[in-house]
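Structural characterization, general
So you can see what is in the structure, the chains are spelled out below.
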Amino acid sequence: MFARIPSPAALRTFEAAARLGSFKEAAAELGVTPTAVSHQIRALEDMLDTPLFVRRTRAVDLTEAGARLSPAVHEGLLAMRTALEEVVEAEQSLTITTTAAFAALRLMPRLPAFQAMWPGLRVRVETGADLVDLRRDRRVDVAIRYSAEAPQGDHVVPLITERFGAYAAPDRFEGGPQGADTLIETGWQRPVLANVTWGAWFAASGDAPRQGVRLLRYEEELFVLQAAIAGHGVALMSSALVGDALERGLLVQLRPDVILPGAAGTYTAICAPGRRRERKIVRFMDWAQSTFRDES
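Residues numbered from 1 in each chain as written. Predicted model: local features only at pLDDT ≥ 70, side-chain atom pairs only at ≥ 80, totals over all residues. Heavy atoms only, no water.

**A word on the overall build of the protein**
Looking only at helices and strands, one finds 10 helices and 12 strands in the protein. Relative to the globule expectation of 19 Å for 296 residues, the C-alpha radius of gyration of the protein, 31 Å, shows a markedly less compact shape. For the protein, the C-alpha atoms occupy an extent of roughly 100 × 35 × 30 Å along the three principal directions. The burial tally for the protein puts 42% of its 296 residues in the buried class. Here the contacts in the protein between residues at least 6 apart in sequence split such that 76% fall between residues at least 24 apart. A total of about 16,200 Å² of accessible surface is found on the protein, and carbon and sulfur atoms cover 53% of it. Positive and negative charge centroids in the protein, built from 34 and 36 side chains respectively, lie 4 Å apart. (Helix = DSSP H or I, 4+ residues; strand = E, 2+ residues; numbered from the N terminus. Rg over C-alpha atoms; globule rule 2.2 N^0.38 Å. Buried < 20%, exposed > 50% of the residue type's maximum accessible area, 1.4 Å probe, protein only. Contact = heavy atoms within 4.5 Å. Areas by Shrake-Rupley, 256 points an atom, 1.4 Å probe, with all protein chains shown as cover. Lys, Arg positive; Asp, Glu negative; His and termini not counted. Charge placed at Lys NZ, Arg CZ, Asp CG, Glu CD.)

**Topic: the sheet that holds strand S8 (residues 182-186)**
Pairing is mixed in the open sheet, where 5 strands are placed in the order S9-S8-S10-S7-S11. Both edges of this open sheet fall to strand S9 (214-218) and strand S11 (252-254), since each of them pairs with a single strand only. Here the strands of the sheet are splayed against their neighbours by 35° on average, with no regard to which way each runs. In the sheet, strand S7 (residues 164-168) pairs with S11 via 3 bridges, with the strands oriented antiparallel. Bridging from a neighbouring strand, tyrosine 167 pairs with glutamine 253 of S11. Packed on one face of the sheet, helix H8 (residues 221-229) meets S7, S8, S9 and strand S10 (234-238) and runs near 140° to S10. (Pairing = 2+ DSSP bridges. Axes fitted to C-alpha atoms, helices over the stretch in contact; angles between N-to-C directions.)

Spatial relationships are all this shows, so hold off on functional conclusions.
If you want it as C-alpha cells, here you go:
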C-alpha cells in the first residue's frame, strides 16, 4: 500500500525547503548541508519523475506539482508529530479511576510512595461510582473496583478482600452495637452489596438492636466513616477502608467476632486486555498489589 511513498527524510527535506523557499535555510533547520538538501530533493524529483522546484540564485520556487504536494506533506508530517507527542504524553501520565471512598481512604494516602518511585510519571485519579469501559475509554489506564466476580486474566490484579464490621469512636459505645441509639450504614449503589446491612449484622450476631434505634444511611462510605469518627453512632464499615482510622485511634472495632463477608468480593485493579505489558501499567499494578497485599 505504501511501497511507493518516499522516505520520511526526503519528505521532511521537501517540506522544509517548500516552507522556507530556500535549500540553504532548510539545511540550517535540519542540521545538514545545502548539498545534502539538494541531493534529497533531486532524488525525490527523480522518483516522482517531475520537478518540484524552480532553482534560482538565492531561492527556490515551487513548481505546480510541488505546490500541489507541499500542503499534503506538511499536514501529514504535522499529524504524525502530533500523534507522536500524544503517545509520549500518554506514556508519561497514568489515569486511575476508582470510588471516592477508596481513593480518599486507601489510595491517596499511599500514592506519594508510588510517585516517589516514578517521579516522571504524572498520576491522575478520577472518582465515581459508574463503571468505565476500559476498551472504549482509552484515556483511563487502570480501574480499581469492588467486584464479587472479577474478570479473569492477566489484566486483573486482586488487591484486597473486603469484610464488614462494626466501628465506632473510642469510649462511646462500649456496650456494642446492640446498645447504640444510632446505627449508620451505606445506602449501596452496587447491588452486589445490597445484603450488607445492620439487619444482616444482627442476624449474624444473634443479638437485637436497641428498642427505637435510629438508622442513618448515607450513599457515600466517606460520610459513614466521618459520622462514626464524629461520634454520631456505630457504623457498619468495610475493613478495606477503615485501616488508617484504626491506626490513628479515631475508630475502634466493636464485636470483631461478627464479620459480614461482603459477598466474598475483592477490590481489584483492572486494565484493558492487551495493555498489561505497558510499562506504566506494569509499574502501578506491581506496586498496588505489593502495597495492598502487605496491608491486608
